[in-house]
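Take a look at the letters that make up each chain.
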Amino acid sequence: MLFIDRNGEAAGAVLGALSRADYATRLEDELSAVYGKSVAATASADAALHTALKLCGVDSGDYVFVPTFTFYSYIATVVYAGAVPVFLDCDPNTRCVSAAALETALVWSELQGKPPRAVVVDNAFGSIADFDVIAPLCKAWSAPLIELCCDAVGGEYKGRPCGGNGDYGVICCDKRLTGGGGAIVCGEDRPAAWEFSRVKYTSHENHDYRINNFDAALWLQQRSVSDKLTARARKNLDALAANLDCVAPPTEGDAATYALTKAAGKIAELRAAGYSIKKPPLVHALPQYADCHYFEHEPHYSACRAFDDYCLISADMPALSRMKLIRMLKTACAAQHN
């Protein structure tokens, strides 16, 4: 995605950052108004997630429930925090954490006498989780809910912006805007988040997680174009899903960051044509997590396995690229039906 600085806002932000204007605090204040919660800005989504885990009280050996259909660095962050990841299958419709798998895992952990210290739910690659079911489940088991919104900036769940549906939210603008880092929506725990992420130095545990003032300036000045970019991506995803059976339809409120399509065999061809492609692994299937517990959507049915032949295509493209992509994918879809 190319950001065009037509009015010089980004250039002005750069000059402001160089002049030591405090854009980081301004960013925190603006996002606090958007999400209705206190916000501490960090340098990356992984730093924000680590801070959220700390605020949940995660300690060495604690269980943290995590999705398997997600970006693997988030799971590495959970491990870095000393926790033991417990993997949850995805819902076949939302592609996010399965409420059925979550409930099974909660019952299992209670029988183990070791409830989860946190539940991490990712709005997977722009699609939106079913928080009407997931949030009450977490509340009933007193498990703090961390909502990952790194691919879902611009998305919403029943009128609430993604990132504001859990006890903590991790928001990152990198997939939608240039510049910026992560932000931790931290409820009433902003001082604790500041302390841990070294926004304000103390003699306790500190990490150098404070967002760079330059990145904060860029993020602030580009927020005005975020809605336009989301609208264009949604238009692209709607068109792809309407024309192609092999593209998964968007969820309600979908941020449309990526289109999920059965075209994994065409990755090299699509990349050569200039499209941004990902083939995310199922994290629980990686060798380093072979000994971790994994809970399926239904007994003897692992919904995430249905996505093994899918790839993710960035929905941020002009109309001509979208039309060309539809032509290319129609060939791939036809080949799969034959």
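You'll find the structure just up there.
Residues numbered from 1 in each chain as written. Predicted model: local features only at pLDDT ≥ 70, side-chain atom pairs only at ≥ 80, totals over all residues. Heavy atoms only, no water.

### Quick look at the pairing of strand E4 (residues 118–122)
Along E4, 5 of the 5 residues are buried, which leaves the element largely enclosed by surrounding structure. Residues Ala118, Val120 and Asp122 of E4 are buried on one face, and the alternating residues Val119 and Val121, pointing to the opposite face, are buried as well. Inspection of the sheet shows strand E2 (residues 63–67) paired to E4 by 2 bridges, in the parallel sense. In the strand pairing of E4, phenylalanine 65 is matched with valine 119. Sheet topology note: the E4/strand E5 (residues 145–149) ladder contains 4 bridges and is parallel. Looking across to E5, one finds that valine 120 is bridged to isoleucine 146. As a crossover connection, the stretch from E4 through helix H6 (residues 131–140) into E5 is right-handed. (Buried < 20%, exposed > 50% of the residue type's maximum accessible area, 1.4 Å probe, protein only. Helix = DSSP H or I, 4+ residues; strand = E, 2+ residues; numbered from the N terminus. Pairing = 2+ DSSP bridges. Right-handed = clockwise from strand over helix to strand, strands pointing away.)

### A word on unusual backbone geometry
Backbone geometry at serine 142 places phi at a positive 55°, although glycine is not the residue there. Here serine 142 lies in the loop between H6 and E5. Residue classification places serine 142 among the exposed residues on the basis of a relative accessible area of 63%. Even without being glycine, alanine 256 reaches a positive phi, approximately 60°. With respect to the helices, strands and loops of the structure, alanine 256 is situated in the loop between helix H8 (213–243) and strand E10 (258–261). Look at alanine 256 and you get buried, because its relative accessible area is 1%.

### Considering H8
Taking 1.5 Å of rise per residue, the 31 residues of H8 would be expected to cover 45 Å, and the 43 Å separating its terminal C-alpha atoms lies within 8% of that figure. Arginine 223 marks the point of greatest bend in H8, at about 55°. Between the side-chain oxygen of the N-cap and the backbone nitrogen of phenylalanine 214 there are 2.7 Å, and the N-cap of H8 in question is asparagine 212. (Expected span 1.5 Å × (residues − 1). Bend = angle between axes of the 7 residues up to and from the residue. Polar contact = N/O pair within 3.5 Å; in protein donor to acceptor, adjacent residues only side chain to side chain.)

### Observations regarding the environment of methionine 317
Following the sequence through the fold, methionine 317 ends up in the loop between strand E13 (311–314) and helix H10 (319–337). The residues contacting methionine 317, other than those within four sequence positions of it, are Arg232, Asn236, Tyr275, Arg322 and Leu325. (Contact = heavy atoms within 4.5 Å.)

### Notes on the pattern of salt bridges
Within this structure, the stated rule accounts for 8 salt bridges. Here arginine 232 makes a salt bridge to aspartate 316, at a shortest N to O gap of 2.5 Å. In this pair, arginine 232 sits in helix H8 while aspartate 316 sits in the loop between E13 and H10, placing the two residues 84 residues apart along the sequence. With a relative accessible area of 35%, arginine 232 lands in the partly exposed category. (Salt bridge = Lys/Arg side-chain N within 4 Å of Asp/Glu carboxyl O.)

### Focus on the state of the cysteines
Tallying each qualifying case throughout the model produces 0 disulfides. Among the cysteines around cysteine 149, which has no disulfide bond, cysteine 162 carries the closest sulfur, lying 4.9 Å off. With relative accessibility at 0%, the residue cysteine 149 sits in the buried group. (Disulfide = S-S within 2.5 Å.)

### A word on the environment of proline 67
Following the sequence through the fold, proline 67 ends up in strand E2. Spatially, the C-alpha atom of proline 67 lies 8.2 Å from that of valine 283, the residues being 216 residues apart in sequence. Beyond its immediate stretch of four places on either side in the chain, proline 67 contacts Ile75, Phe87, Leu88, Val97, Val120 and Asp122.

### Structural notes on the nonpolar core
If you look at the biggest cluster of nonpolar residues, it comprises 56 residues, and the most contacted ones within it are Phe65, Leu102 and Ile134. With 6 residues, the top contributor of residues to this core is helix H5 (residues 99–112). In this structure, isoleucine 134 is in contact with Val97, Ala99, Leu102, Val121, Ala129 and Leu145, ignoring residues within four places of it in sequence. One finds Val66, Ile146, Cys150 and Val283 within the second-largest nonpolar core, a separate group that totals 30 residues. (Core = buried A, V, L, I, M, F, W, Y, C linked by side-chain atoms within 4.5 Å.)

### Some points on the packing of helix H3 (residues 45–55) against helix H4 (residues 72–80)
Orientation of H3 relative to H4, taken along the N-to-C sense of each, is 40°, at an axis distance of 9 Å. Overall, the two elements H3 and H4 adopt an arrangement that is oblique. For the crossing formed where H3 meets H4, the hand is right-handed. Listed contacts from H4 to Ala45, Asp46, Leu49, His50 and Leu53 of H3 are Ser73, Tyr74, Thr77, Val78 and Tyr80. (Axes fitted to C-alpha atoms, helices over the stretch in contact; angles between N-to-C directions. Parallel < 35°, antiparallel > 145°, perpendicular 65-115°, else oblique. Left-handed = near helix turned anticlockwise from the far one by under 90°.)

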